[in-house]
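For reference, the chains in residue letters:
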Amino acid sequence: MKTTLAALLLAAATLPAADLTGNWVVAQPQSDGTSRNTYLNLKQEGEKIAGTIRVSQFFYSVKESSGGPETFTLNASLMDGHSERRTTYTVRLAGDELHVSAAGRGGALGPDMVAHRAPAGEGAYPARVAPPSLHKVPYNGLAKTPPMGWNSWNKFHGRVDDASVRSIADAMASNGMKAAGYLYVNIDDTWEGTRDAAGNIQSNKKFPDMKALADYVHSKGLKLGIYSSPGPNTCAGYEGSYGHEEQDAKTWAAWGIDYLKYDWCSARNLYTDEEMQAVYQKMGDALHATSRPIVYSLCQYGRAEVWKWGPEVSGNLWRTTGDISDRWQSMLGIFDKQNVLTGYAAPGHFNDPDMLEIGNGGMTDTEYRAHMSLWSILAAPLLAGNDLRDMTPSILDILTNREVIAVDQDPLGKQGRRLSQSGDQEIWMRDLTGNAKAVVFFNRGGDSAKMTLKFSDAGIKGEPKIRDLWARQDVAASNGEFSATVPSHGVVMIKLSAGQ
Ligand code: GLA
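What you see is a predicted model, and the numbers here were worked out from it, not measured in a lab.

**Q** Looking at this model, I keep getting lost on the overall build of the protein. Mind explaining?
**A** For the protein, the helix and strand inventory stands at twelve helices and 26 strands. By principal-axis analysis of the C-alpha atoms, the protein measures approximately 115 × 50 × 45 Å. Burial analysis of the protein (500 residues in total) assigns 53% to the buried set. When contacts within the protein are restricted to residue pairs at least 6 apart in sequence, long-range pairs at least 24 apart make up 63% of them. When the accessible area of the protein is evaluated, it comes to approximately 20800 Å², of which 52% is carbon and sulfur surface. Charge separation in the protein, taken as the distance between the mean sites of 50 positive and 56 negative side-chain charges, equals 3 Å.

**Q** Whenever I open this one, the sheet that holds strand E1 (residues 22–29) confuses me. Can you help?
**A** Note: strands within a sheet are paired through backbone hydrogen bonds, in either parallel or antiparallel orientation. Spatial ordering of the closed barrel is given by E1-E2-E3-E4-E5-E6-E7-E8, a layout of eight strands whose pairing is antiparallel. Direction aside, neighbouring strands of the sheet carry axes that sit 30° apart on average. Where strand E7 (residues 97–103) lies against strand E8 (residues 113–117), three bridges are found, and the strand directions are antiparallel. Looking at E8, one finds that His 99 is bridged to Val 114.

**Q** Even after reading the chapter, I still don't get helix H5 (residues 210–219), so can you show me in this structure?
**A** One full turn of an α-helix is made of 3.6 residues, so residues set three or four places apart face in the same direction. Taken together, the buried positions of H5 are Met 210, Leu 213, Ala 214 and Val 217. Looking straight down H5, one finds its buried side chains confined to an arc of 100°; they lie on one side. In the core, the buried residues of H5 are packed alongside helix H3 (162–174), strand E10 (184–186), strand E12 (201–203), strand E13 (223–228) and helix H6 (245–255). Structurally, the start of H5 carries an N-cap: the backbone nitrogen of Lys 211 is 3.2 Å from a side-chain oxygen of Asp 209. Positioned one or two residues after H5, Gly 221 has a phi angle of 75°, which is positive.

**Q** Explain the packing of H3 against H5 to me, please; I cannot follow it from the model alone.
**A** Think of two packed helices as two axes; the pair is described by the angle between the axes and how far apart they sit. Look at H3 against H5: their axes get within 10 Å of each other, and the N-to-C directions meet at 10°. Relative to H5, H3 is oriented roughly parallel. Residues Asp 162, Val 165, Arg 166, Ala 169 and Asp 170 of H3 lie in contact with H5, whose contacting residues are Ala 212, Leu 213, Tyr 216 and Val 217. For the contact of H3 with H5, the residue count by class is six nonpolar, no polar and three charged.

Each value, and the rule that gives it
- Residues numbered from 1 in each chain as written.
- Predicted model: local features only at pLDDT ≥ 70, side-chain atom pairs only at ≥ 80, totals over all residues.
- Heavy atoms only, no water.
- Helix = DSSP H or I, 4+ residues; strand = E, 2+ residues; numbered from the N terminus.
- Buried < 20%, exposed > 50% of the residue type's maximum accessible area, 1.4 Å probe, protein only.
- Contact = heavy atoms within 4.5 Å.
- Areas by Shrake-Rupley, 256 points an atom, 1.4 Å probe, with all protein chains shown as cover.
- Lys, Arg positive; Asp, Glu negative; His and termini not counted.
- Charge placed at Lys NZ, Arg CZ, Asp CG, Glu CD.
- Pairing = 2+ DSSP bridges.
- Axes fitted to C-alpha atoms, helices over the stretch in contact; angles between N-to-C directions.
- Arc of directions from axis to C-beta.
- Polar contact = N/O pair within 3.5 Å; in protein donor to acceptor, adjacent residues only side chain to side chain.
- Parallel < 35°, antiparallel > 145°, perpendicular 65-115°, else oblique.
- Nonpolar A, V, L, I, M, F, W, Y, C, P; charged D, E, K, R; others polar.

Here it is as structure tokens:
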């Protein structure tokens, strides 16, 4: 009897208990041919589970585990040192499968996903490569005036593909946009495929032949832009350029790429803000080494006072804020961060308050006219973010107002500044070549407002010639000042030049 009990106890103790230790992968195939993989690298000790979880660009560490012996709850938090994002995973072993569900931001998994065992090391986060020491990357000679063109993100997000880029290029070349100065057709995130055996980046199924696409865009007299990240993944979780900087720059040059937007994204898992300059310098050097003229657009949301070092890494433009959205408050929030940056714009190097939302439907035409005017007084890049194949005449008119564009593109490259503010009304002024000035009367209030500029307050002597840039007509001044009735959420924009 005694012996039997002892034997039973021994047998129970040696029964293979559920052990979740191992590297598990949930593969989620995408229609573009890429796979979104989540790796759970777990180590079980008794009823405690530790480890890391990588959801493409998001890297979590398991902070607590509870439950068992079959079903465990893992509380994991993001390991980027910036945010407190937490996700709760429920995991249950069933035979050779691990059933996983996730709750919380960044979980990216459905309610009951199946993970399979993956080879040890697969999906592990790459080791950190120390950033290079700082030096000045030679200026590439580009973007003497703010870049103009189109970018896919605001309207298309992940839906951009070869056919849409071609038809956008067709539209741009024929509808007056190109004639008005729009030149770059920029593919944003989600074009990336996997790397080949030699590590060369390939485009995914949505872009069967990037070189052919570049040839096509060039045949329209336009230029082609692309997107990547200094981190292992882009913001949408696709392949980034980490560890392949020179190789990718060479690939893009061979394809005929003319513009790169380089987006920090997952680089934050490996580098601090203080290291950003060195990390961006690496790609600046790589682009320089290709000898192809490639506009270099830094996208790191205005962190680390990028305007102070952007030119050092040969950046032609740098984002100054987080992402714009197609809402009046979003556009305003970004605009309100620009006045302090006035001194940092110059030919070749511009502050980038993000792409235009004009025509995307979330604002009125009056508000879009304000958006266009404010971006132009700021000497901001003009990257249309709407569907150029399908615009109302009014939106096309806003985007192609030559006189407003001439302000944006003024060769002095000087960013405007706020001259005065009174409640909801602001007057902005920008110096132009030939001692001319552009002025925006901006009314953010809910009612139209009469606004007045005394020329002496703007440092203008005598009576200037005045041109209303939206009415497209000359107007008369009286007694050393100009007054206008400015619509709610709107602008009046004028150009002042020496009187005749
Ligand atoms: C970031 C950028 C956006 C866009 C997306 C793409 O959010 O700021 O402009 O490029 O990534 O994933």
